[in-house]
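# Architecture at a glance
The lines below spell out each chain.
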Amino acid sequence: GNFDDIYLLRACAAWGWRQGDPDALATVLAFREPLATRLSATDRGDSGPPGFCFTFLHLAERDGVIELPSVPSWEAIRVGLESQGYFIELAALACLMGHAELSADYLERFQRQRELLPGTSFPPWLLDGALADWSGICESRAAFELEEMTSPHSGDPDYLARQGLLPL
């Protein structure tokens, strides 16, 4: 699904932030108007890639890589990503942006999405019954996610990426 230019811009923004590459970030900033339009207009496609682009730009500014011109605020980014259910990603990004309470809220919202409706179960033939204890699997994963998102290392993007909790 990552086959068009907006996904390449997302990758360029992530690269620019993580590698401290102002030229890569300038490339992304050259598209800030269409990215902002796409972020706020959910009827024009996925708001995730522009939301990630702008968040990575904010993180690059925080880390002293660039001085950020006018781009959507973290609040506007959150609205765009929330509208399309990017809760695990928002949990990690909020964590990196220094908003621990907000991160915990998004993590809880994500974990609720995994809950099956009462009376619903996976068929025994699916993965040889490996999902029979879905609620136990979810509880275990939820405990892991909460522990990692609230650990002293949770503000380290490399740490979150190694734990599988950062959308890079």
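Residues numbered from 1 in each chain as written. Predicted model: local features only at pLDDT ≥ 70, side-chain atom pairs only at ≥ 80, totals over all residues. Heavy atoms only, no water.

### Quick word on the overall build of the protein chain
From N to C terminus, the protein chain includes 9 helices and 0 strands. Listing each helix as α and each strand as β along the protein chain from the N terminus yields α-α-α-α-α-α-α-α-α. Along the longest, intermediate and shortest principal axes, the C-alpha atoms of the protein chain span 50 × 40 × 25 Å. Residues counted as buried form 43% of the 168 residues belonging to the protein chain. When contacts within the protein chain are restricted to residue pairs at least 6 apart in sequence, long-range pairs at least 24 apart make up 57% of them. Put simply, the protein chain shows about 9200 Å² of open surface, and 54% of that area lies on carbon and sulfur atoms. Within the protein chain, one finds 12 positive and 25 negative side-chain charges whose respective centroids are separated by 2 Å. (Helix = DSSP H or I, 4+ residues; strand = E, 2+ residues; numbered from the N terminus. Buried < 20%, exposed > 50% of the residue type's maximum accessible area, 1.4 Å probe, protein only. Contact = heavy atoms within 4.5 Å. Areas by Shrake-Rupley, 256 points an atom, 1.4 Å probe, with all protein chains shown as cover. Lys, Arg positive; Asp, Glu negative; His and termini not counted. Charge placed at Lys NZ, Arg CZ, Asp CG, Glu CD.)

### Some points on the packing of helix α5 (residues 74–82) against helix α6 (residues 87–96)
The relative placement of two packed helices comes down to the angle between their axes together with the axis-to-axis distance. One way to put it is that α5 packs onto α6 with a least axis distance of 9 Å and a crossing angle of 160 degrees. The angle between the axes of α5 and α6 places the two elements in the roughly antiparallel class. In this structure, α5 meets α6 at a crossing whose hand is left-handed. Where α5 approaches α6, its residues W74, R78, L81 and E82 are matched on the opposing element by F87, L90, L93 and A94. Considered class by class, the residues forming the contact of α5 with α6 number 6 nonpolar, no polar and 2 charged. (Axes fitted to C-alpha atoms, helices over the stretch in contact; angles between N-to-C directions. Parallel < 35°, antiparallel > 145°, perpendicular 65-115°, else oblique. Left-handed = near helix turned anticlockwise from the far one by under 90°. Nonpolar A, V, L, I, M, F, W, Y, C, P; charged D, E, K, R; others polar.)

### Thoughts on the packing of aromatic side chains
Inspection of every chain in the model, using the stated rule, returns 5 aromatic pairs. For the ring pair W17 and F56, a centre distance of 5.5 Å and an interplane angle of 10 degrees mean the geometry is stacked. Here F56 lies in helix α4 (residues 48–62) and W17 lies in helix α1 (residues 5–19), a separation of 39 residues in the sequence. For W17, a relative accessible area of 2% gives the class buried. (Phe/Tyr/Trp six-rings, centres within 6.5 Å; stacked < 30°, edge-to-face > 60°.)

### As for the packing of helix α2 (residues 22–29) against α4
Closest axis-to-axis distance for the α2/α4 pair is 11 Å, and the angle between their directions is 140 degrees. Relative to α4, α2 is oriented oblique. You can see that α2 and α4 cross each other, and the crossing is left-handed. Contact residues: L25, V28 and L29 in α2; C53, L57 and A60 in α4. Of the residues belonging to the contact of α2 with α4, the class tally is 6 nonpolar, no polar and no charged.

### Details of helix α8 (residues 134–149)
With 16 residues, α8 should cover 22 Å at 1.5 Å per step; its first-to-last C-alpha distance of 22 Å lies within 8% of that length. For α8, the secondary structure elements touched by its buried residues are α6, α7 (100–113) and α9 (157–162). (Expected span 1.5 Å × (residues − 1).)

### Considering the layout of surface pockets
If you add up the space inside the largest pocket, you get close to 220 Å³. What lines the largest pocket is a set of 16 residues, and nearest its centre among them are R114, E115, W134, S135 and C138. Breaking the lining of the largest pocket down by element, the ones donating at least two residues are α7 and α8. A per-element tally of the lining of the largest pocket places α8 first, with 5 residues. Partitioned by chemical class, the residues of the lining of the largest pocket number 7 nonpolar, 4 polar and 5 charged. (1 Å grid on protein atoms, 1.4 Å probe; cavity = no way out; pocket = protein on both sides within 12 Å on 5 of 7 lines; lining within 4 Å. Points joined across faces, edges and corners; volume = space filled by probe spheres on them.)

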